[in-house]
Structure formats: structure tokens, C-alpha cells
Amino acid sequence: MVIFMFKKSVSFALSLLTAVAVAPMSSAFAEDAVQGEYSQNGFTLTYTVSGGNAVITDCSGEGTSLVIPALVESTYPVSAVADRAFEDCTTLVNITVPDSVAQISSYAFSGCSSLQTVYLGSGVADIGDYAFASCPSLKTFDVDTENSFFSAEQNMLMTSDKASLVCYAGNPSAIIPDGTLCIEKGAFFCNTSVTDVSLPAGLDSVGDYAFAGCLSLESITLPASVTSLGKGAFMSCVSLSQAVLGAGMSFIPEECFSMCSSLYSVNFPTAVTELGSKAFYSCPQLTGIYIPATVTVVGADAIGTHYDIRTGTNAPIEGFYINGDKGSAIEQYAIASGVDFIDYSNIPLGDVDGNGQVTPSDAAITLSEYASVNTGNPPAFSEYQTSSADLNGDGNISPVDAALILEIYSVNATT
């Protein structure tokens, strides 16, 4: 694995992107290129001139607002911003990219933690991966109306046809516009302010690491139209508690929900047949989840394992168990991985705490879950607990179920 490195220090992104491939530094400059410097508003830009065009390669200083020059040395048009050129310019608040610039390379403005507004000129035709990643203060994109490649929609950066969301900027509650078909790679990457996202019907795909590192994101619902999720799409969303997968999903890819430490509820549509490696790696709250027999391929460390610092290896999460069907692929995975497995068809009714007995404690746990849900909290029961506690079969946990559990206890105690 390659570690995503900033030139300076961005603590969370350093810990998160141990799995994201680092884009190579730009090598598009000729060997006879000549370097120069340009200063403005407390910043010093380093540029390289080759073939009559200038490329911004680095930035230093502690200013707040910067207009990238259209010309340097009054002669050479600035045509590109190189890989990582403004990376970790933590004081930069406003950036204006002139009409002369055609390319903004990968990670060009990543880690600009104070960046709020971005203006893109008419000539910008290509924006590299993660160009504005880890910019948690970003609020506004503005794109010249003459630009035929990109547009600003509700302050978000979109392709000109508005079919793809390139990068999100705006409020903690993100509403993706109708007509959006694709959320591109890293579009929300390390956006620590987003708490909820509304995805449009008709959305087709979510790119690699699109929402990775969204520390405040609490839940996600994918519409049935989504057929493709990228690698690590929701990796390290540590506040994410619920994920609803649309009926169009057949494959949950590698590291998709890896290290989502609060995730306790995921549905598995019947179309899902494969879990990629580390799909739910280090998700301890998913214990007790039911994985149906329709899932026929399960990758290494897909669920129920984590990194054990005591042994320096991947190991089963203590107390974690998976519900499934006897003879299924998930049972074989559990056996091979050392993760506890419970045959879903033999879940004992009323044994909510899984200790092998039906006791008043099971009734008390059931009442506690009922009270919690009815005061506005999300369900906390696992699939196993819900199946065991719902004795009247109405799909809800209620005082009636608790009373039936006590009846089972009473019968057992007198026989």
C-alpha cells in the first residue's frame, strides 16, 4: 500500500489514505524547461516555462487570496497547474484560475483547509483526481459562463452537461441535483462537514473514494438506479450508522465501508452476490448482521475482522458474529476467518442477548430497544436480536414482544 502524503501535515488524510494510490508527480515538462517565480498577495508561485507555456508547479507563503496570472514575464501564458502545486496551502481562502489555464492536475489544491471559494476560467478543460480533496471549508465553485467543460450548480462543480458531480462544495446537508448520473472519484473526499446526502433517482454510479473520510456523514441511502460503487466509496466514514443499498447493487467493492466504526445497519438486496475484500473491514458494530445465501463470493477480510495491534495481523473482532444460512458462502468465510457464525434458521425465539437462555433480562433488553426507538433514536438491535425479539412477527419491537418473552421464561421455569 502506498501512503497518501501531504507536503505539510493534514492529520486525518494521512491516516485515511493508506489505501489510495498516490498520483505521480507531473512529468509533462521538457528537460530544457526554465523555472521562475511570481509573487502576489503574500504568495510566491514557482513556475516552469517550456514550449512557450508556463505551468505553476509550487506555491509558498501565507496570503489568503490569489489570482493566478494569465501571463508570466509578460510573455508566457499560464496553461496548467501541476500535481500538488498548492497542496497544503492552509491560509489560502480564495483562488481565481484564469482563462489561460486548461489543466488543473491531480491533488493540485488538496489539503487547502481554509479554501472557501474557487473561480474557474473559460479555458479549464481537465481537472485531475482529488484536485480539491481535503478542503473542508470549501463553500463555492464559480465557473465562467464561456467554459464548455464545467459548470457550477448550486455551488457544486459539475460537468457542463450536469451529468457528473466533480466536487462538492456547500452546506452540511448535500442535495445532489436531479439529472446527476455520476458522482466522480473523490467528489466528497475528506469533506468533514457533510452530515447527510440526498441522492437523486437515476444516479448510476459512485466513484472510488467518493465519500471517503466524510467524518460527519451519518447515513446514506442509494437509489435503486445505482449499479456501481467504487473502491473505498465510504471508507472511514466514522459517524455513518446506516447504509441502505439500492436494488440495483450486485457487488459491494473492496474497502467500500472499511473502517466505518459506527456502522450497525446494512441491508443486502437480493441482487448482491459478492462482497469484495475488506468491504466491511473493521466495522465492529455490524455484529449479528444477516448475510443471505444469495451472496456467493466473499473476499478476504470482508467482514468481522480488524487489525490486531497485539499480533500485528488481521484477526476476528472479539465478540463479533455473523448470521447466515447453513452451507452458504458466508458460513465458509466465517469458518476460514475465525469469525463466529450463527445459523439464522435456528435462532432461538426470545433469547435476545444470545446467552442460550430466555430470561427476564431478554424482556428488559427488548423494552429498552422499544423505548429508545420510540423516542427518536435509530434501531440498535442486530438482525439476530430483531429476529429473536419479534415474537408476534409484526416486524416491530414492542412491549407485546417483551410480554411474550416473559411467558416463554415462565413456561420454561415451571417445566
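Everything quoted here is computed from the prediction, not taken from an experiment.

(A) Focus on the sheet that holds strand β7 (residues 94–97). Strand order in this open sheet of four strands is β4-β7-β9-β11, and the pairing throughout is parallel. Each edge of the open sheet carries a strand with a single partner, namely β4 (65–67) and β11 (140–143). Ignoring strand direction, the axes of neighbouring strands in this sheet form an average angle of 10 degrees. Taken together, the four bridges between strand β9 (residues 117–120) and β11 define a ladder with parallel strand orientation. Its bridge partner lying in β11, Tyr119 is registered against Asp142.

(B) Main features of the sheet that holds strand β18 (residues 205–206). Strands sit in the order β12-β13-β14-β16-β18-β20 across an open sheet of six strands; the sheet is mixed. A strand with exactly one partner marks an edge of an open sheet, and here the two such strands are β12 (150–153) and β20 (228–229). Pairing between strand β13 (residues 156–159) and strand β14 (residues 164–167): two bridges, direction antiparallel. Bridging from a neighbouring strand, Leu157 pairs with Cys167 of β14.

(C) Quick look at helix α3 (residues 360–373). In this model α3 runs 20 Å from its N-terminal to its C-terminal C-alpha over 14 residues, within 8% of the 20 Å that 1.5 Å per residue would give. Residues of α3 that are buried include every one of Asp362, Ala363, Thr366 and Glu369, and no others. Axial view of α3: buried residues confined to an arc of 125 degrees, hence all on one face.

(D) Geometry of empty space enclosed by the protein. In this structure the tally under the stated criterion is one cavity of 30 Å³ or more. Taken as a whole, the largest cavity holds about 70 Å³ of empty space. Lining of the largest cavity is provided by 13 residues; of these, Phe132, Cys167, Tyr168, Phe189 and Asn191 occupy positions nearest its centre. Here the residues of the lining of the largest cavity sort into ten nonpolar, three polar and no charged.

Calculation criteria
Residues numbered from 1 in each chain as written. Predicted model: local features only at pLDDT ≥ 70, side-chain atom pairs only at ≥ 80, totals over all residues. Heavy atoms only, no water. Pairing = 2+ DSSP bridges. Helix = DSSP H or I, 4+ residues; strand = E, 2+ residues; numbered from the N terminus. Axes fitted to C-alpha atoms, helices over the stretch in contact; angles between N-to-C directions. Expected span 1.5 Å × (residues − 1). Buried < 20%, exposed > 50% of the residue type's maximum accessible area, 1.4 Å probe, protein only. Arc of directions from axis to C-beta. 1 Å grid on protein atoms, 1.4 Å probe; cavity = no way out; pocket = protein on both sides within 12 Å on 5 of 7 lines; lining within 4 Å. Points joined across faces, edges and corners; volume = space filled by probe spheres on them. Nonpolar A, V, L, I, M, F, W, Y, C, P; charged D, E, K, R; others polar.

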